[in-house]
Amino acid sequence: MSAVSDTAQFEGMPFDPTAPLTPSGNLRRRAAVSRFVQITATAAAVFAVAVLLIVLYGVASRGASALSLGFVIHNPSGLAGGGIFNSLLGTLEIVAFGALIALPIGILTGLYLTEFAGPRSKTASALRLALDVMAGLPTIIVGLFVYGLIVIPQHRQSGFAGGIALAIVMLPLMARSSQEVLLLVPGSLREAADALGVERWRAVVSVILPAAFGGILTGAILATARAAGETAPLLICDSIGFNPFATSLNLFHGVPSVSMFIYQSYDLPLAQAVTRAWGAAFVLMMLILIANVLARVILARSRGKMGR
Amino acid sequence: MFGLCALAGVLVVLTLVDVIYQLVSNGQPAISKFGLGFVTSTRWQPNFHIEGAGALLYGTAMSSLIAVVLATPLGIAIALYLSMMAPGRVRAVVGPLVELLAAVPSIIYGFWGLVVLVPFIDGIEPGLHSALGFIPLFGPASPIGISVFTAGLVLTVMILPIISALSRDLFLTVPAELKDGAAALGATQWEIIRGIVLPTTVSGVSAAVVLGLGRALGEAIAVSFVIGDVTAIHRSLFDPGSSAAAEIANQFPSPVDSLHTAAMFYVGLVLVVICMFTSVASRAIAGRFDVTRRVI
């Protein structure tokens, strides 16, 4: 646009762009409204952090009295004694089994979406939609699904069924996070591999996956931590069929878990039983929070390495 | 390698199809007995072989609505603070802390809600009733603080990090040129927010809210602890109720008969259709922002 037409559009208007600026409207009121919004937004952030601290404190203050070394290395005894060794071991087993299924499939799905499907691929966008829908499935529904798929045909609840259900919870999280990370891998790496005549699968294995390793690991830890806290699928698929006082790790029978332990002790009649459940809640929460912080640290480090 | 990756994708789609199939086939006795009237019938009486999900769906809707109504303004305010107002160091600490709210397992929210929040709600319900009692939803306080309202508050805390984290990421994508331009014209921070930031991100924020709604609709464990397991519709939010997901969690382990189990699969089917709808809607609203790809 030339200078002439710039000034031409102001002709005939009451506005003179060459006149010095003078304040109009109620500046004080506008500033006060803005200030009010800033204070409200700050208060909202303070509120959210306060809620987190209240939840953490509520669990820690009630659970800490139950904690001791014995609490994590002994099985429960009676209604209120002992610890949560078998539940802890069971959670680790079920989650590890689920992760073993979900993490590879999730990473492969992420690879398909970023490395093999074209940018305008209809199949890829259908798959993305499917992953979104899967991530939006209520976990209790996942439990019902696995109940129909595995528990009914086998006529018994099992750690196996619970692990499959957790895998379904983890899969969309893993696929989404690895897709995000793979998109961050610089295109120049792919082009360099192509220019050297490297086949795509070989480029994926030896160039792209190593570059994205930190981010994928972060996603894996977050997905695993999410699954470790799940209760609804285990309630449906793996809540009976084990001796609550013994270590039982046979995947094809019931396997105890920390979240089911908390769920099943909240209506026991003894105050000490509830204290034991708070102790279990505290252990579970600490494990999950530590995993989350760890994931963040790994992500920050790998970002540093990728120079961003 | 391509084959392997494609196979993984096929597996994802097959799983989804099978979810629907399992719910339909296991819910078949209830579906053929109650038909579509199941959704509106409010009598859930397994002992008399009468099951209707109306009251459960009402509880699901009301508790989720409370959560969305409270969490949306709060979440957006937090996101505005984190993206535009907080100093760098504060942002680096507060942002992750808010996201940690999403990491707390639902069983802990349920347990905490029952033991800590319920007595607190019990204390504030009479005040809310006398202040807002002219609206029928805020009736006389329940005796113990276990209510649809309490469930809504727990859900608020659970979906708050989803809405705030997604919105914050969206607000950060608003081009600095636009904001600086508005500031150069003399706009105050609120005018920049209202004139530039919110209009450019409104579709993405709406998608985040719908995503949070979907999460609230499907939450079972935390809700089952605090909603009261009463399968009837009460006008007041301070009365106990039940929700679809919570009822499955409460009754599935000990069903009355096989029809009861089938009815719960039917409830699950209705719930999954609603949740799939919210997932698709969220994606459709998000459009080009594609916020739903973010991992929390």
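Residues numbered from 1 in each chain as written. Chains lettered and ligands numbered in written order. Predicted model: local features only at pLDDT ≥ 70, side-chain atom pairs only at ≥ 80, totals over all residues.

Focus: the overall build of chain B
Phase 1: When its secondary structure is counted, chain B shows 10 helices and 2 strands.
Phase 2: In sequence order, the secondary structure elements of chain B are arranged as α-β-β-α-α-α-α-α-α-α-α-α.
Phase 3: Each of the 296 residues in chain B was classed as buried or not, and the buried ones make up 54%.
Phase 4: Considering only residue pairs separated by 6 or more positions, chain B has 78% of its internal contacts joining residues 24 or more positions apart. (Helix = DSSP H or I, 4+ residues; strand = E, 2+ residues; numbered from the N terminus. Buried ≥ 20, exposed ≤ 12 C-beta atoms within 10 Å, placed from the backbone. Contact = placed C-beta atoms within 7 Å.)

Quick look at the overall build of chain A
Phase 1: The helix and strand inventory of chain A stands at 13 helices and 2 strands.
Phase 2: Seen through its C-alpha atoms, chain A measures out along the principal axes to roughly 90 × 60 × 35 Å.
Phase 3: Residue burial in chain A is summarised as follows: out of 308 residues, 46% are buried.
Phase 4: Taking contacts inside chain A between residues at least 6 apart in sequence as the whole, the part at least 24 apart equals 76%.

Some details on the nonpolar core
Phase 1: Counting residues in hydrophobic clusters, the biggest one holds 191 residues, and the most contacted among them are A:Val146, A:Met170, A:Ala281 and B:Val154.
Phase 2: In terms of residue count, helix H2 (residues 54-85) of chain B provides more of this core than any other element does, 17 residues in total.
Phase 3: Ignoring any residue separated from it by four or fewer positions in sequence, one finds B:Val154 in contact with B:Tyr109, B:Gly113, B:Leu117, B:Ala222, B:Val223 and B:Val226. (Core = buried A, V, L, I, M, F, W, Y, C linked by C-beta atoms within 7 Å.)

Quick word on unusual backbone geometry
Most peptide bonds take the trans form, and the phi angle of most residues other than glycine is negative.
Residue and element names in this part refer to chain B.
Phase 1: Unlike most non-glycine residues, histidine 49 shows phi in positive territory, near 60°.
Phase 2: Locating histidine 49 in the fold gives a position in the loop between strand S1 (44-45) and strand S2 (50-51).
Phase 3: Among the residues examined, histidine 49 registers 12 C-beta atoms within 10 Å and is labelled exposed.
Phase 4: You will see that aspartate 229, though not glycine, has its phi angle at about 55°, which is positive.

Description of the packing of H2(B) against helix H7 (residues 189-218) of chain B
All names here are of chain B.
Phase 1: Their axes nearest at 9 Å, the elements H2 and H7 cross at an angle of 140°. Here H2 runs over H7; the crossing is right-handed. For the pair H2 and H7, contact is made by Thr60, Ser64, Ala67, Val68, Ala71, Thr72, Ile76, Leu80 and Met84 and by Gln189, Ile193, Val205, Val209, Gly212, Leu213, Ala216 and Leu217, respectively.
Phase 2: Here the residues of the contact of H2 with H7 are counted per class, giving 12 nonpolar, 5 polar and no charged. (Axes fitted to C-alpha atoms, helices over the stretch in contact; angles between N-to-C directions. Left-handed = near helix turned anticlockwise from the far one by under 90°. Nonpolar A, V, L, I, M, F, W, Y, C, P; charged D, E, K, R; others polar.)

Digging into the interface of chain A and chain B
Phase 1: Each side of the interface is counted separately: chain A has 69 residues, and chain B has 69 residues.
Phase 2: Counting residues per element, the side of chain A that touches chain B draws most heavily on helix H2 (residues 27-63) of chain A, which supplies 18 residues.
Phase 3: Across the side of chain A that touches chain B, the residue classes break down as 48 nonpolar, 16 polar and 5 charged.

Overview of the confidence of the model for chain B
Residues and elements named next belong to chain B.
Phase 1: Residues at a pLDDT of 70 or more form 97% of chain B, whose mean pLDDT is 89.
Phase 2: Confidence, expressed as mean pLDDT per element, reaches its minimum in chain B at helix H4 (residues 106-132) with 87 and its maximum at H2 with 95.
Phase 3: Interface confidence for the predicted complex, given as ipTM, is 0.90, next to a pTM of 0.90. (pLDDT = per-residue confidence, 0-100.)

Looking at the environment of A:Asn75
Residue and element names in this part refer to chain A.
Phase 1: Checked against the element boundaries, asparagine 75 lands in the loop between helix H3 (69-73) and strand S1 (76-77).
Phase 2: Separated by 149 residues in the primary sequence, asparagine 75 and threonine 224 place their C-alpha atoms 24 Å from one another.
Phase 3: The residues touching asparagine 75, leaving out its near neighbours within four places in the chain, are Gly82, Gly83, Phe85, Asn86, Phe245, Ala246 and Thr247.

What about the environment of A:Ile216?
Residue and element names in this part refer to chain A.
Phase 1: Within the element layout of this structure, isoleucine 216 appears in helix H10 (residues 213-228).
Phase 2: In this structure isoleucine 216 comes out as buried when scored by C-beta crowding, with 23 C-beta atoms within 10 Å.
Phase 3: Residues isoleucine 216 and serine 177 lie 39 residues apart in sequence; the distance between their C-alpha atoms is 6.9 Å.
Phase 4: Filtering out sequence-adjacent residues up to four positions away, isoleucine 216 remains in contact with Ile107, Ser178 and Val181.

Details of the confidence of the model for chain A
Phase 1: In this model, chain A carries an average pLDDT of 87, and 91% of its residues clear a pLDDT of 70 or more.
Phase 2: Below a pLDDT of 50 lies the segment residues 1-5 of chain A, which in the model reaches 1 contact outside its immediate sequence neighbourhood of four places, other chains included.

Some remarks on helix H6 (residues 139-154) of chain A
Residues and elements named next belong to chain A.
Phase 1: Its 16 residues give H6 an end-to-end C-alpha distance of 21 Å, which sits within 8% of 22 Å, the value for a rise of 1.5 Å per residue.
Phase 2: At tyrosine 147, H6 shows its maximal kink, close to 45°.
Phase 3: The buried fraction of H6 is high, at 13 of 16 residues. (Expected span 1.5 Å × (residues − 1). Bend = angle between axes of the 7 residues up to and from the residue.)

Some remarks on the environment of B:Gln45
All names here are of chain B.
Phase 1: Counting through the fold element by element, glutamine 45 comes out in strand S1.
Phase 2: Judged by the 11 C-beta atoms lying within 10 Å of it, glutamine 45 falls in the exposed class.
Phase 3: Here the alpha-carbon distance between glutamine 45 and isoleucine 248, two residues 203 residues apart in the chain, equals 14 Å.

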